[in-house]
Amino acid sequence: MAISYKKLWKLLIDKDMRKEDLRLKAGISANTMAKLGKNENVNTDILVKICSALNCDIADIMEITEER
């Protein structure tokens, strides 16, 4: 199983936000943004910060997928 953050990137497009806008609003590091971009694991505290910044649920920003 793998994690995909495609839903997060789509949500940013829908909200007309850039990754940098999210990074600043959620108070997360550029390093963490890079991990998200590579679909790597991040701390749940980070995911909560993102959800709070975007006013959404965790299922709105990520999903579990089959590994390829």
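Our subject is the structure that appears above.
First things first, this report covers the structure right here in the doc. Being a predicted model, the structure only gives us computed values, none of them experimental.

Some details on helix H1 (residues 6-14)
No. 1: The complete set of buried residues in H1 reads Leu 8, Trp 9, Leu 11 and Leu 12. Along the axis of H1, the buried positions cluster into a sector of 160°, meaning they face one direction only. Facing away from the buried side of H1 by more than 90 degrees, the exposed set consists of Lys 6, Lys 10, Ile 13 and Asp 14.
No. 2: For H1, the elements touching its buried residues are helix H2 (19-26), helix H3 (30-37) and helix H4 (44-54).
No. 3: Immediately beyond the C-terminal end of H1, within one or two residues, lies Asp 16, with a positive phi of roughly 55°.

Examining the pattern of salt bridges
No. 1: For the structure shown, the criterion picks out three salt bridges.
No. 2: Asp 14 serves as the salt-bridge partner of Lys 10, at 3.2 Å between the closest nitrogen and oxygen. Taken as a pair, Lys 10 and Asp 14 lie in helix H1 at a separation of four residues, close to a single helical turn. With respect to class, Lys 10 is no different from Asp 14; both count as exposed.

Some points on the packing of aromatic side chains
Any aromatic ring pair is given by two values, namely how distant the centres are and how the planes are angled relative to each other.
No. 1: In this structure the tally under the stated criterion is zero aromatic pairs.
No. 2: Directly above the ring of Trp 9 sits Lys 19, whose terminal nitrogen or CZ lies 4.3 Å from the centroid.

Focus: the side chain of Thr 32
No. 1: Note on placement: Thr 32 falls in helix H3.
No. 2: At a separation of 3.0 Å, a polar atom in the side chain of Thr 32 contacts the side chain of Ser 29.
No. 3: When sequence neighbours within four positions are dropped, the list of residues in contact with Thr 32 reads Val 42 and Ile 46.

Side note on the nonpolar core
No. 1: One finds Tyr 5, Leu 8, Leu 22, Leu 36, Ile 50, Leu 54 and Ile 61 to be the most contacted residues of the largest nonpolar core, which totals 22 residues.
No. 2: If you list the elements that add at least two residues to this core, you get H1, H2, H3 and H4.
No. 3: Considering each element in turn, this core owes the most residues, six residues, to H4.
No. 4: Filtering out sequence-adjacent residues up to four positions away, Leu 8 remains in contact with Leu 22, Leu 36, Ile 50, Leu 54, Asp 60 and Ile 61.

The rules behind the values
Residues numbered from 1 in each chain as written. Predicted model: local features only at pLDDT ≥ 70, side-chain atom pairs only at ≥ 80, totals over all residues. Heavy atoms only, no water. Buried < 20%, exposed > 50% of the residue type's maximum accessible area, 1.4 Å probe, protein only. Helix = DSSP H or I, 4+ residues; strand = E, 2+ residues; numbered from the N terminus. Arc of directions from axis to C-beta. Contact = heavy atoms within 4.5 Å. Salt bridge = Lys/Arg side-chain N within 4 Å of Asp/Glu carboxyl O. Phe/Tyr/Trp six-rings, centres within 6.5 Å; stacked < 30°, edge-to-face > 60°. Lys NZ or Arg CZ within 6 Å of the ring centre and 35° of its normal. Polar contact = N/O pair within 3.5 Å; in protein donor to acceptor, adjacent residues only side chain to side chain. Core = buried A, V, L, I, M, F, W, Y, C linked by side-chain atoms within 4.5 Å.

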